[in-house]
Amino acid sequence: MTLPEVRTFTPPRAFGDAISQPVVTPVITTSTPRSVPDLQITLRPAISPSLKARQYSMASTPEEKPKGGITFAHQDNLPKLPIPELESTCQKYLSCLKPLQTHREHAETRRAVQEFLQTDGPELHEKLKKYAEGQTSYIEQFWYDSYLNYDNPVVLNLNPFFLLEDDPTPARNNQVTRAASLIASALEFVRAVRREELPPDTVRGTPLDMYQYSRLFGTARVPTDSGCQIQQDDMTKHIVVMCHGQFYWFDVLDDNSDAIMTEKDIAINLQTIVDDARQTPIQEAAKSALGVLSTESRKVWSGLRDVLTRDPGSNNADCLSIVDSALFIVCLDYTEPTSAAALCQNMLCGTSEIEKGVQIGTCTNRWYDKLQIIVCKNGSAGINFEHTGVDGHTVLRFASDIYTDTILRFARSINGKAPSMWASTSPDPSKRDPESFGDVSTTPHKLEWDMGPELSVAVRFAETRLADLIGQNEFQCLDFHGYGKNFITSMGFSPDAFVQMAFQAAYYGLYGRIECTYEPAMTKMFLHGRTEAIRTVSDDSVNFVQTFWADAPGDQKIEALRKACQAHVNKTRDCAKAQGCDRHLYAMLCLWQRMQDDDTASTTSVSSMNGYSFEDGASTSVIGSPSKDSLFSQSMESHSGDAGSGGRERGDSVHSAISATPSQRGGAPQQLPAIFGDAGWDKLNTTILSTSNCGNPSLRHFGFGPVSGEGFGIGYIIKDEWISICVSSRHRQTRRFVDTLESYLLEIRRILRIAASATANKGMSRAREIDAAAAGTNGQEGKPFRPKIGNRIKSRGRLITGQSSGLGQGPTSTYNGGSSVGNIKGTGRGSVSSAMEESVVMSEDDEIGGYGFFDAGMLQQALKARQQGHHYHHSHNNESSSDDRGSQSRQRRSRRDVGKKLPLIDY
């Protein structure tokens, strides 16, 4: 197998030249799948001389692929990501904002959108279409820029995590065995990708883009003074293992990407590493745990990398190159988290534990610039991944395939005919001639860093800042076993839409507010597709949460839920077809910024947003944060005149992302397009509920950090019979939010069961009607039914009532006999009401917890009446003054009678 050619890079052109020159359509041959983008992204100056040969871009020139592979077989036939129509995008944008704004705010946004459509919008739209003609995807470069120019620490801000289920074989749930098993399976996955034997992803028979898999291994996010870059060594052969903050490496593949170590060999290496790491006291190891530097801000981390590599006699540059070019990182933690929340925190950001003033938590045993496989002492395992080049769907395939392969490989050790995940596997290393491995080193090597005073201080302060960051966040998990996908679909709902409405109802029930919510939709049906933003909040969802929390009939609540879920399903379908509004508008904003930066684009390797970036699910907006859109603020705002109307000039509060205006660069000042200067853009890009549905039975939990200071990060997995939810926030009553969510899920099941039971009873047979009537009343003024003497034998014993198909079961708390949420009142007549009452009595669900239900408009009306009453009282003050004085006198006289009088005790 011949090695691929070294990739070369094309110098950048000014953006104005790029869109003014005619587009030459590239000729794509059948032997060169479009598994890499046509878009040229050049790299910034090298970090150090030792890394020059290992630098690769996120998008580079195509290289010859072996013929006959299946992984990228459909790439040539995938359609390009379409650019929506401008009018449609603006209309959807307004629709997303309407339920989040007051009438005055929405009127201002409509004016801004209309101005945009009449001025900058059409021009930007046409230039975007022209720009996209020669690109793989119109959003791809802008999307990479948004991640690579993010300057804050990536931990808790960008990197998500997966928590794998335990190995089904208990004896294999120890650290070394589990880690070795996962590594062996991961190497087979790497081999399948490199040989293009990995079957393509499909959705209902439609092939999906597979490009991200080529960027999963051997990649690293490398910071520079002008932003980050992605470097990749796509023929690397080694892995790096971290234990107690110390670094080790060994080769695991040969030049043909075949495994050169068995699972047992890997386990021996891992045990050797664990034993060696224990030789250094953990307090001493923590003082030189260089992995913590990857949690610094990107500019600080860039400067520290220069400090690491500036001494020509130091081996730090070589150590850094080993880490950056590894296939992936394996983190062996000494902790044994017992709760789901503790496990999730460990996989996302590690633990913070101070002993004698020194950090000994697992937070120092990480390298956040790469794909990491994390294994705890008790065998609990997870994945933390760098998010720039890959989305959750790609890493989910990796996680589920290696989890499945660990089980199948164990099965093959029992029965050699057990199936395999792979079209072909590596030859058995134990039966190969060691000479055939080539130039490899299978013995673990410990990386020994030259720790100067500057680095020691840097590690110290990086750790304290990380400990602060960890302490500012909290995590809670809900393993809801009441029901799952099967029950939800049996009730006629989309599982994802159903759970999304649960988040809306829980938040509204807790805070009485409607907030901006984000959910990503996968667009991998298109070439190099990533995601589009589903905006969950709609007029229908607002109506549902207000109806649910009001004292409305159950059938009315269900009907409102159905409409809200259907609206969400429709949005999801549009977004999956790349017909949302977020990516289109964001691309036009980036395009406008590039036009302003045209003079500097030719002198930088990547012309970008200079720090403007947003995570998948949250934006760091270019406009200042808006006020909360609560029912309290809405009611007061309607009487506050122009206060809080956001009357700033467009662009006055522009984020640092576009703070360098053309006038500061010597050019003419340019006003930000109206739609991006309006407060609505800021509101839509200030995500309070950032949600994502990503998982399958191989995962126990999935999650990420909150994307705004007042927000929640919600990762969830909908399984057949249960739902797992991981919620993070910066101490925003996370436990209480999870409890409210659980109460809602139980209550909505109770309402659905009642409705389903009533529906089922409407079509019951005459014999069933007689039984139902016998169980309730005799139909005469509600008197209890008394069987005749001759039939008394038939009435003995408790009737066994069956539930309708698909109503679901689950261990939940028992019903406490309180008032019905659905306001369903039994009439004492007929079988339908009897069955409904019986369903209430026999329900396993608790009543809704907390303060109970409320009328969404009640407070607004009360506040409005107060304002009107105050005005009336002022105008009639003179006429009623004498009556008021008499009333006050009576109040003073009767005050002694208010409250319970306590008897005095002897002191």
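Residues numbered from 1 in each chain as written. Predicted model: local features only at pLDDT ≥ 70, side-chain atom pairs only at ≥ 80, totals over all residues. Heavy atoms only, no water.

### What to know about the overall build of the chain
When its secondary structure is counted, the chain shows 27 helices and 22 strands. The burial tally for the chain puts 54% of its 907 residues in the buried class. Long-range contacts, defined here as pairs at least 24 residues apart, represent 78% of the contacts in the chain between residues at least 6 apart. A total of about 39800 Å² of accessible surface is found on the chain, and carbon and sulfur atoms cover 51% of it. (Helix = DSSP H or I, 4+ residues; strand = E, 2+ residues; numbered from the N terminus. Buried < 20%, exposed > 50% of the residue type's maximum accessible area, 1.4 Å probe, protein only. Contact = heavy atoms within 4.5 Å. Areas by Shrake-Rupley, 256 points an atom, 1.4 Å probe, with all protein chains shown as cover.)

### Remarks on the confidence of the model for the chain
Where the model shows low pLDDT, its predicted coordinates should not be examined in detail. The predicted model of the chain averages 80 in pLDDT, with 69% of residues at 70 or higher. Scored below 50 in pLDDT, residues 601–666 makes 169 contacts in the model with residues more than four places away or belonging to other chains. For the stretch residues 801–843, pLDDT sits under 50, and the model shows 94 contacts to residues farther than four places along the chain or on other chains. (pLDDT = per-residue confidence, 0-100.)

### Some words on the sheet that holds strand S6 (residues 238–243)
Read from one edge of the open sheet, eight strands run S13-S7-S6-S8-S11-S12-S1-S20, paired in mixed fashion. Both outer strands of the open sheet, strand S13 (445–446) and strand S20 (699–703), are each paired with one neighbouring strand and no more. Taken together, the three bridges between strand S1 (residues 161–164) and strand S12 (residues 381–384) define a ladder with antiparallel strand orientation. The residue bridging Leu-163 from the neighbouring strand is Gly-382, located in S12. Along the sheet face, helix H6 (residues 175–194) touches S1, S6, strand S8 (329–332), strand S11 (372–375) and S12 and points at about 155 degrees away from the line of S11. Relative to the sheet, helix H7 (residues 263–278) contacts S6, strand S7 (246–251), S8 and S13, its axis offset from that of S7 by approximately 155 degrees. (Pairing = 2+ DSSP bridges. Axes fitted to C-alpha atoms, helices over the stretch in contact; angles between N-to-C directions.)

### Some words on helix H11 (residues 340–348)
Buried residues dominate H11, accounting for seven of its nine residues. Residues of H11 that are buried include every one of Ala-340, Ala-341, Leu-343, Cys-344, Asn-346, Met-347 and Leu-348, and no others. Remark: Gly-350 follows H11 within two positions and exhibits a positive phi of approximately 80 degrees.

### A short note on the sheet that holds strand S21 (residues 712–718)
A sheet is described by the order of its strands in space; here six strands give the open sequence S14-S22-S21-S19-S15-S16, paired in mixed fashion. The sheet is open, and its two edges are formed by strand S14 (474–480) and strand S16 (531–535), each paired on a single side. On average, adjacent strands in this sheet sit at an angle of 20 degrees to one another, irrespective of strand direction. As paired strands, strand S15 (residues 517–522) and strand S19 (residues 689–693) are joined by two bridges and run parallel to one another. Residue pairing for S19: Thr-517 is matched across the bridge by Leu-689. Relative to the sheet, helix H15 (residues 495–511) contacts S15, S19, S21 and strand S22 (723–729), its axis offset from that of S21 by approximately 145 degrees.

### So, the UniProt feature "active site" (unreviewed entry) in the chain
Annotation from UniProt places "active site" (unreviewed entry) at His-387. Looking at the element boundaries, His-387 is found in the loop between S12 and helix H12 (392–414). On the accessibility criterion, His-387 (4% relative accessible area) is buried. (UniProt positions renumbered as here; feature names shortened; annotations may be inferred.)

### A closer look at the packing of H6 against H7
Orientation of H6 relative to H7, taken along the N-to-C sense of each, is 130 degrees, at an axis distance of 8 Å. Judged by the inter-axis angle, H6 sits oblique to H7. Between H6 and H7 lies a crossing of right-handed hand. Contacts between H6 and H7 involve Gln-175, Val-176, Thr-177, Ala-179, Ala-180, Ser-181, Ile-183, Ala-184 and Leu-187 from the former and Glu-263, Ile-266, Ala-267, Leu-270, Gln-271 and Val-274 from the latter. The class makeup of the residues in the contact of H6 with H7 is ten nonpolar, four polar and one charged. (Parallel < 35°, antiparallel > 145°, perpendicular 65-115°, else oblique. Left-handed = near helix turned anticlockwise from the far one by under 90°. Nonpolar A, V, L, I, M, F, W, Y, C, P; charged D, E, K, R; others polar.)

### Some thoughts on the side chain of Lys-557
Among the secondary structure elements, Lys-557 is positioned in helix H17 (residues 554–576). Glu-747 provides the closest opposite charge to the buried, unpaired Lys-557, separated from it by 5.4 Å. A polar atom in the side chain of Lys-557 sits 3.0 Å from the backbone oxygen of Phe-548. (Lys, Arg positive; Asp, Glu negative; His and termini not counted. Salt bridge = Lys/Arg side-chain N within 4 Å of Asp/Glu carboxyl O. Polar contact = N/O pair within 3.5 Å; in protein donor to acceptor, adjacent residues only side chain to side chain.)

### With respect to the packing of helix H2 (residues 86–97) against helix H3 (residues 103–118)
Orientation of H2 relative to H3, taken along the N-to-C sense of each, is 170 degrees, at an axis distance of 11 Å. Here H3 runs roughly antiparallel to H2, going by the angle between their axes. Residues Leu-86, Cys-90, Tyr-93, Leu-94 and Leu-97 of H2 pack against His-106, Thr-109, Arg-110, Val-113, Phe-116 and Leu-117 of H3.

### A word on the pairing of S20
When a strand is regular, its side chains alternate between the sheet's two faces. Across the five residues that make up S20, a large majority, four, are buried. In this structure, S1 lies alongside S20, joined through four bridges in antiparallel fashion. Bridge assignment links Phe-161 to a residue of S20, and that residue is Gly-703.

### Let's talk about the packing of aromatic side chains
As enumerated under the stated definition, the model contains 29 aromatic pairs in all. When the centroid spacing of 6.0 Å and the interplanar angle of 65 degrees are considered together, the rings of Phe-189 and Phe-217 count as edge-to-face. Residue Phe-189 is found in helix H6, and its partner Phe-217 is found in the loop between strand S3 (206–207) and strand S4 (219–224); the two are separated by 28 residues along the sequence. Taking 4.8 Å as the distance between ring centres and 40 degrees as the angle between the ring planes, the aromatic pair formed by Tyr-507 and Tyr-511 counts as tilted. One end of the pair, Tyr-507, and the other, Tyr-511, are both in helix H15, four residues apart, so they sit about a helical turn from each other. Each member of the pair, Tyr-507 as well as Tyr-511, carries the same accessibility label: buried. (Phe/Tyr/Trp six-rings, centres within 6.5 Å; stacked < 30°, edge-to-face > 60°.)

### Details of the pattern of salt bridges
Applying the stated criterion to the full structure yields 33 salt bridges. Of the charged contacts, one joins Asp-574 and Lys-92 as a salt bridge, the two residues approaching to 4.0 Å between their closest N and O atoms. On the criterion of sequence distance, the pair formed by Asp-574 in helix H17 and Lys-92 in helix H2 is long-range, its members being 482 residues apart. With relative accessibility at 33%, the residue Asp-574 sits in the partly exposed group. The class for Lys-92 is partly exposed, based on a relative accessible area of 25%. Taking the shortest distance from any N to any O, the salt bridge between Arg-735 and Asp-739 comes out at 3.2 Å. Of this pair, Arg-735 and Asp-739 both sit in helix H23 (residues 734–762), separated by four residues, roughly a single helical turn. Residue classification places Arg-735 among the partly exposed residues on the basis of a relative accessible area of 35%.

### Regarding the pairing of S7
Counting buried residues along S7, six of its six residues qualify, which places the element largely inside the surrounding structure. Residues Gln-246, Tyr-248 and Phe-250 point to one face of S7 and Phe-247, Trp-249 and Asp-251 to the other, with burial holding for every one of them. As paired elements, S6 and S7 share six bridges and run antiparallel to each other. Residue pairing across strands places Val-240 opposite Trp-249, the latter belonging to S7. Linkage of S6 to S7, two consecutive antiparallel strands, is achieved through a turn of two residues, within which His-244 is found at a positive phi near 55 degrees. Across two bridges, S7 lies against S13 in antiparallel orientation. When the sheet's bridge partners are listed, Tyr-248 is paired in S13 with Lys-446.

### Points about the side chain of His-584
Within the fold, His-584 resides in helix H18 (residues 582–596). Apart from residues lying up to four places away in sequence, His-584 is in contact with Ile-83, Pro-84, Glu-85, Leu-86, Thr-89, His-125, Leu-128 and Tyr-138.

### Some thoughts on the environment of Arg-111
One can find Arg-111 in helix H3. Once the C-alpha coordinates of Arg-111 and Ala-674 are considered, the two residues, 563 residues apart in sequence, prove to be 8.8 Å apart.

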